[in-house]
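Each chain is listed here by its residues.
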Amino acid sequence: MYPHAVIDKVFDEKEDREWIGLFLENEYLKIMILPELGGRIQMAYDKTNDYHFVYYNRVIKPALVGLAGPWISGGIEFNWPQHHRPSTFEATDFSIAENKDGSKTIWVNEYEKMFGTKCALGFTLYPGVAYIELHAQLYNRTPFPQTFLWWANPAVAVDEHYQSVFPPDVHAVFDHGKRDVSSFPIATGTYYKVDYSPGTDISRYTNIPVPTSYMAVNSAFNFVGGYHHQRKAGLMHIANHHISPGKKQWTWGCGDFGKAWDRQLTDEDGPYFELMCGMYTDNQPDFGWIMPNEARDFKQYFMPYKNIGYVKNASISAMINVEGVADNEIQVSVYVTRAQTVQIVLKHKGAEVLKDVVALSPLTTYSRTLTNEEKIELNHLYAAVLDEQGTLLIDYKPVTRQGEPIPDPAKPVDDPAEIASNEELFLAGLHLEQYRHATYAPLDYYQEALRRDPSDIRCNNAVGLWYLRRGQFEVAAPYFKIAVEKLVKHNPNPHDGEPLFNLGLCLKYQEQYDEAFSYLYKSTWNAAMQDKAYLYLAYISAIRCDWKQTLELSEQSILKNYNGLRARHLKAIALRKLNRIADAISYCYSTLEIDSFDFASRFELAQCYKILGDNLDMNKAIQQLQQLMQGRHYTFIEMALQYAEAGLYQEAQDLLAINPGTATEPLSLYYQAYWSSKLGHHDKAVEWFHKAYKQSPDCVFPNRIEDIKVLQHAVTLHPSDHKALYYLGNYFYAKRLYEQAIECWEQSVAQNNTHATALRNLGIAYYNKADQKSKALQMFEKAFAADRSDSRVLFELDQLYKRFNRSPQERLSILSQYFPLVQDRDDLYIEYVSLHSVTGQFEKAKELLAARNFHPWEGGEGKTSGQHVLIHVELAKNALSKNDLELGKHCYNQRKLILPTWERVKYMELRRMIFRTGWAVYTNKKAMKMRLKNIGGQHQ
């Protein structure tokens, strides 16, 4: 998952390992956070009833289901900027804060690599309150609109007594991408290929046999949760439904397949639901936009509750349930999250039928049953809980369903030629960009619109932005100029300033600062562009060393976006350059109060103390910075780039220099070289470039547009640097610039034809993008010849041989020569087993299959179990051909004994295989024919 390194192997042996555990605890709750595993909440424990209201997995047992490989079950995982989070198995920055009100907050933070955005999460426990407050701060540090998802994924331990708790107005649920839809909570049709008719409650774990997702279709309530009816305890999530519409349940299912996955992910803690909570999103995928320099701030709450059943409404203060418990009884139940005296009121058609004043706490819940002698109708009840001052804590009026129609599933986007208007083409392309579609290309839609109308403003801007965000400035600029020309044709003061901003930004990247300055300034005439346009105007002013103007422009940006961290950092720089050191220090501290992980402002503090000659505070600031950043090369470069963008290359170099790992990290060294060139230190630049070249190219994945110029400059100064060309190829291929990628990799392998990964990557590009299949095979053969220890390349080479129709015997012979490599990967090993089957060596295939403990992997579902069934089918046939009916029967029965860690073959495949085998074995035994009729029922 570019630019993250992928882990594609897990081991069977357990070992003890220490993890950093950060704990929060008060009278009611105890929380454990693991900053080294994505900053997840690993444990959330209710001390009042000895209940883990969040699924507590007592082992870290990854399986290969994450975007970058490993993923673990349990706890609360926080997924952004997409689902699943690419860095879920990576370490985060962290700190602990003590607050004035007696609460404490654990902060975790990530500068994520895929899109250049930033996220800080604060987990707070308050004295005397039984909930976790999550404070999220998102920031788009880039000059481009970015798309993102935000889902918090609490897992909960489930069994036959567990039920998900959705709001009472949820009458339908969607699958991923809204591809399918079901009524809820009673499903009456087919969903995930399961027939739930005539009606099945899919809010209960034991009623869902297969892996299943569903997401609520609209709700005006602020909660979603789950409840264990036997333990009388559950989990509740609260957030403002106007920004948190996402309410989802996921399960592996209670069938054999799901139980096998449970065993893969835990040793003893059993099955679970995920009760997911989406902010600014109601589906997966359902990406939202975060604009350049935009900061977002929101809160979510997670809490236990107890004794009151299937909640009808909930807030961070209280939860309420009103339900009929018998023909003539109504029960009212209340839970509160802090100790207080409350007033509980129940009205029927406006007339008060109950009013109780009681002292409640997270230890003491309220429940009262009313005998319904007056035939009170539930639909006409109103219940409320108020505090001592009469402030409403929660209320509930039953939702009356009026037979709302089930919404239709979503439809795929039509092909460009089939779309009627340019507006629809623009919206289709924008949708594909927003949802990061893997196969449809947004450019096809924009370019179809431009074929019909070459002056279309929106599509010219969209195409220009597509190229601009990939560093193709010369390609992008003409599109922006066409858009701007038409935009100001009748009015020099257009309604929309985005094309002006994008053209100015594009010119800035080309170092055409005067022209860029004019377009950026013009874009500030539109309010929507002001904060980002003033920011980049301030950067240009800094490059010109006009620090007074830099200060004024950065303040204009901050005026529009107080939490814009880059503008705040630039203001502090300007204050320092204007020799207002005390003001700069004060401003840095005010920024750190907003976000303590603004590392650039921390380094700016050190710069200020250095000028003052205060070595003690300077060193203290640097040590804090090193402790917080924990040697993360990506983050160090990100912070240094904020200085380089202002033309402060020496400060940029100094910042990188405090990272001990810079001396061996290739991209950091390339940046040191490039900035030395910008400072006029040619000899030093060459020295840095040679240092960068000597480093290992493993896991070097450039992903910033700034990386392009740095690596291209490296090739200019050091023409034989095949690694820089290889890195550029990686960048371009990841950005779907396939021709440029192929050109770079071709130049790289021309310089060095022994770099296996460059050869392998070129082979992939030839096969998938250039339709040069024969050349692709040549590259893969050269790649494996260059490194015969790479099991992935061997696997991919074998897959190519399969596509080239090489005989199974030849492929088997090649793999047999490298059996230790075959053993290195499950996917390669099962291919090796299948080749023995295809060549009729079923006993050997059986032996190989039994000798390995397989691990499930995405895309490999059913392959191991499919081979198991196939092998025993063929062994049974062989026995029958020798008239050995007993052996045939034995082999037939063995097909059922699939090891519990193996994934089950798809149902219809298995049924067909079993039927064929059974008929072959028992065709002459009439007594067994009746058994064959029941095969389908036995193996559903």
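Going by the structure above, here's the rest.
Notes on the structure in this doc start here. (Residues numbered from 1 in each chain as written. Predicted model: local features only at pLDDT ≥ 70, side-chain atom pairs only at ≥ 80, totals over all residues. Heavy atoms only, no water.)

### Focus: the overall build of the protein
Our working definition: Starting at the N terminus, helices and strands are each numbered in turn, a helix being any DSSP run of H or I of at least four residues and a strand any DSSP run of E of at least two. In this description the radius of gyration comes from C-alpha coordinates, and the expected globular size is given by 2.2 Å times residues to the power 0.38. Only protein chains enter the area calculation, which uses a 1.4 Å probe; residues under 20% of their type maximum are buried, those over 50% are exposed, and those in between are partly exposed.
Across its full length, the protein holds 32 helices and 35 strands. The C-alpha radius of gyration computed for the protein amounts to 31 Å, which stays within 12% of the reference 30 Å derived for 940 residues, consistent with globular compactness. If one aligns the C-alpha atoms of the protein with their principal axes, the spans along those axes are about 90 × 85 × 60 Å. Here the protein holds 940 residues, and the buried ones make up 57% of them.

### A few points about the pattern of salt bridges
Rules: Salt bridge, as used here: a side-chain nitrogen of Lys or Arg that lies within 4 Å of a carboxyl oxygen of Asp or Glu.
Per the counting criterion, the structure on display carries 49 salt bridges. Measuring nitrogen to oxygen at the nearest pair gives 3.0 Å for the salt bridge that ties arginine 792 to aspartate 8. Here arginine 792 is found in helix α23 (residues 791-803), whereas its partner aspartate 8 is found in the segment before β1 (22-25), with 784 residues between them in sequence. The class for arginine 792 is partly exposed, based on a relative accessible area of 29%. If you follow the salt bridges from partner to partner, you end up with Asp8, Arg760, Arg792, Glu796, Arg825 and Asp827 in one network.

### Notes on the sheet that holds strand β32 (residues 351-360)
Stated formally: When DSSP finds two or more bridges between a pair of strands, those strands are recorded as paired. Note on definitions: angles span 0 to 180 degrees between N-to-C directions of axes, and those axes are lines fitted to C-alpha atoms, for helices only across the stretch in contact.
Overall, antiparallel pairing links the four strands, which are arranged β32-β31-β34-β35 in an open sheet. Lying at the two open borders of the sheet, with one neighbouring strand each, are β32 and β35 (392-396). Sheet twist, expressed as the mean angle between neighbouring strand axes with direction ignored, is 15°. As defined by bridge partners, strand β31 (residues 340-348) adjoins strand β34 (residues 381-386) across six bridges and the pair is classed as antiparallel.

### Section: the sheet that holds strand β10 (residues 117-125)
Ordered by their spatial adjacency, eight strands build an open sheet running β8-β9-β10-β11-β27-β23-β22-β14, and the pairing between neighbours is antiparallel. Of all the strands in the sheet, the pair left with one neighbour each is β8 (93-98) and β14 (162-165). In this sheet, adjacent strand axes meet at a mean angle of 15° when their direction is disregarded. Pairing analysis gives eight bridges linking strand β11 (residues 132-140) to strand β27 (residues 295-306), with the strands arranged antiparallel. Bridge pairing links glutamate 133 to tyrosine 301 in β27.

### Remarks on the packing of α23 against helix α24 (residues 808-817)
Selection criterion: Our angle categories are set so that under 35 degrees counts as roughly parallel, over 145 as roughly antiparallel, 65 to 115 as roughly perpendicular, and the remainder as oblique. Contact criterion: two residues are considered in contact whenever any of their non-hydrogen atoms come within 4.5 Å of each other. Gly falls in the polar group here, along with every residue not listed as nonpolar (Ala, Val, Leu, Ile, Met, Phe, Trp, Tyr, Cys, Pro) or charged (Asp, Glu, Lys, Arg).
Contact geometry for α23 and α24: axes closest at 10 Å, N-to-C directions at 170°. When the interaxial angle is binned, α23 and α24 end up roughly antiparallel. Along the contact surface, α23 presents Leu794, Asp798, Tyr801 and Lys802, while α24 presents Arg811, Ile814 and Leu815. Counted by class, the contact of α23 with α24 contains four nonpolar, no polar and three charged residues.

### Remarks on the packing of aromatic side chains
As a reminder of what qualifies: Each aromatic pair joins two rings of Phe, Tyr and Trp (for Trp, the six-membered one) with centres within 6.5 Å, and gets the label stacked for planes under 30 degrees apart, edge-to-face for over 60, and tilted for any other angle.
One pass over the structure, following the stated rule, counts 42 aromatic pairs. Ring geometry for tyrosine 126 and tyrosine 131: centres 6.4 Å apart, planes at 70°, overall edge-to-face. Of the residues examined, tyrosine 131 reaches a relative accessible area of 6% and is grouped as buried. Aromatic side chains tyrosine 205 and phenylalanine 273 sit 6.1 Å apart centroid to centroid with 75° between the ring planes, which places their arrangement in the edge-to-face category. In this pair, tyrosine 205 is assigned in the loop between β20 (200-201) and β21 (212-216) and phenylalanine 273 in strand β25 (residues 272-278), connecting sequence segments 68 residues apart.

### Concerning the nonpolar core
The condition that has to hold: To form a nonpolar core, buried Ala, Val, Leu, Ile, Met, Phe, Trp, Tyr and Cys residues must be joined to one another through side-chain atoms within 4.5 Å.
Among the nonpolar cores identified, the biggest contains 161 residues, and Leu468, Leu570, Phe599, Tyr670, Trp675, Phe732 and Val833 are the most heavily contacted of them. In terms of residues, this core owes the most to one element, helix α8 (residues 530-543), which gives nine residues. Beyond its immediate sequence surroundings of up to four residues, tyrosine 670 is in contact with Phe689, Ala692, Tyr693, Val710, Leu711, Ala714, Asp721, Lys723, Ala724 and Tyr727.

### Notes on unusual backbone geometry
A cis amide bond links tryptophan 80 to the next residue, proline 81, at an omega of -10°. One can find proline 81 in the loop between β7 (76-79) and β8. Here the bond from glutamine 284 into proline 285 is cis, since omega is 5°, no more than 30 degrees from zero. Among the structural elements, proline 285 can be located in the loop between β25 and β26 (288-290). One non-glycine residue with positive phi stands out, namely lysine 349, at about 50°. The exposure class of lysine 349 is exposed, given its relative accessible area of 55%. Despite not being glycine, glutamine 630 shows a phi value in the positive range, around 50°. As for its position among the elements, glutamine 630 is in the loop between α13 (615-629) and α14 (633-644). Glutamine 630 sits in the partly exposed class, given a relative accessible area of 36%.

In short, the description is geometric, and any link to function would need to be established separately.
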